[in-house]
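Structural description and commentary
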Amino acid sequence: DAMVIQNPRYQVTQFGKPVTLSCSQTLNHNVMYWYQQKSSQAPKLLFHYYDKDFNNEADTPDNFQSRRPNTSFCFLDIRSPGLGDAAMYLCATSRRIRAGETQYFGPGTRLLVL
Amino acid sequence: KQEVTQIPAALSVPEGENLVLNCSFTDSAIYNLQWFRQDPGKGLTSLLLIQSSQREQTSGRLNASLDKSSGRSTLYIAASQPGDSATYLCAVSTGDDKIIFGKGTRLHILP
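Within each chain, residues carry numbers counting from 1 in the order of the written sequence. Written order decides the labels, with chains lettered from A and ligands numbered from 1. Given that this is a predicted model, residues contribute local features only at a pLDDT of at least 70 and side-chain atom pairs are listed and counted only at 80 or more, while totals for whole chains, interfaces and linings are drawn from all residues. Hydrogens and water molecules were not included; the side-chain quantities draw on all heavy atoms of the structure.

1. Re the overall build of chain A
The condition is simple: A run of H or I in DSSP becomes a helix once it reaches four residues, and a run of E becomes a strand once it reaches two; helices and strands are each numbered from the N terminus. This radius of gyration counts C-alpha atoms alone. The globule rule is 2.2 Å times how many residues there are, raised to the power 0.38. The buried label applies to any residue whose accessible area, calculated with a 1.4 Å probe on protein chains only, is under 20% of its type's maximum; exposed applies above 50%, and partly exposed to all values in between. For this analysis, residues touch if any pair of their heavy atoms sits within 4.5 Å. Note on areas: these come from Shrake-Rupley sampling with a 1.4 Å probe, and a residue is covered only by the protein chains present in the view. Counting rule for charge: Lys and Arg are taken as positive, Asp and Glu as negative, and neither His nor the chain ends is counted. Taken as the charge centre is NZ of Lys, CZ of Arg, CG of Asp or CD of Glu, depending on the residue.
Across its full length, chain A holds 0 helices and 11 strands. Each helix (α) and strand (β) of chain A, taken in turn from the N terminus, gives the series β-β-β-β-β-β-β-β-β-β-β. Over its C-alpha trace chain A gives a radius of gyration of 13 Å, about what one expects of a compact globule, namely 13 Å for 114 residues. Oriented by its inertia axes, the alpha-carbon framework of chain A measures out at about 40 × 35 × 30 Å. Counting the 114 residues in chain A, one finds 49% classified as buried. Excluding contacts between residues fewer than 6 apart, the proportion of contacts in chain A whose partners are at least 24 apart in sequence is 54%. In the structure as shown, chain A presents an accessible area of about 5500 Å², 50% of it carried by carbon and sulfur atoms. Averaging the positions of the 12 positive and the 9 negative side-chain charges in chain A gives two centres separated by 4 Å.

Here it is as structure tokens:
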């Protein structure tokens, strides 16, 4: 009864080769998030969707893009991965945070860039 | 800009001891505060959620408190066990459906 599913769990890519990470949810939540987490660091929010409304963080590099074709799915595209993009990528969902709701996280995708 | 700080960064305690993890935040205008647990190489699991109007929440051996006016929260773990070893992250929610995380406290319970 997984609620937030991320595929793949581990992704190896080559420097500069585009890669797509996927996230799906069975919770029917309005909000979906993508975070980047490097070793011993706090998760860093890249962007989030409220329904189809896309919100990009000001310091998210242009190299990172996202798509949400429907309520259940959200994708993270890294157009030209660099060595510095190697990290754990976490997807999360919630109803409206301002309504006091929690976030539910997937298991993460660990990205390795060679 | 909201910032969340967690002290200490790492902590080792013998099994059976009670312990306190600390979290502070710079802007008291929050909707709620959460404590998460993260095991190595895994995602985050929500442990406790305290609404801005609440002072504390309890779940089993865990108790979290919130003092919004001073920008502080503590996570109290009673009778620690080796299975409690993990990284504990504090996060506060702001407007615009976002939450801001601290860097976490890496906890190691010694058998």
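2. Side note on the sheet that holds strand β1 (residues 4-7) of chain B
Residue and element names in this part refer to chain B. Stated precisely, the cut-off is as follows: The criterion for strand pairing is that DSSP finds at least two bridges linking the strands in question. An axis is simply a line fitted to the C-alpha atoms; with a helix, the fit covers only the stretch in contact. Between two such axes, the angle follows the N-to-C directions and lies from 0 to 180 degrees.
Read across the open sheet, the 5 strands follow the order β1-β3-β8-β7-β6; overall the sheet is antiparallel. Edge strands, defined here as strands with exactly one partner in the open sheet, are β1 and β6 (56-59). Strand after strand, the sheet turns through a mean of 15° between neighbouring axes, direction not considered. Here strand β3 (residues 19-25) runs beside strand β8 (residues 72-77); their pairing, made up of 6 bridges, is antiparallel. From the neighbouring strand, Leu-19 faces β8, where its bridge partner is Ile-77.

3. Side note on the pairing of strand β9 (residues 86-93) of chain B
Each regular strand shows side chains that alternate between the opposite faces of the sheet. Residue and element names in this part refer to chain B. Of all the 8 residues making up β9, 8 are buried; the element is thus mostly covered by neighbouring parts of the structure. Of the two faces of β9, the one lined by Ala-86, Tyr-88, Cys-90 and Val-92 and the one lined by Thr-87, Leu-89, Ala-91 and Ser-93 are each fully buried. Note: strand β4 (residues 32-38) against β9, 6 bridges, orientation antiparallel. If you follow Gln-34 over to β9, its bridge partner there is Ala-91. Pairing between β9 and strand β11 (residues 105-110): 3 bridges, direction antiparallel. Within β11, the position partnered with Ala-86 by the bridge is Leu-107. Sheet topology note: the β9/strand β10 (residues 99-101) ladder contains 3 bridges and is antiparallel. In the strand pairing of β10, Val-92 is matched with Ile-100.

That's the geometry; what it means functionally is another story.
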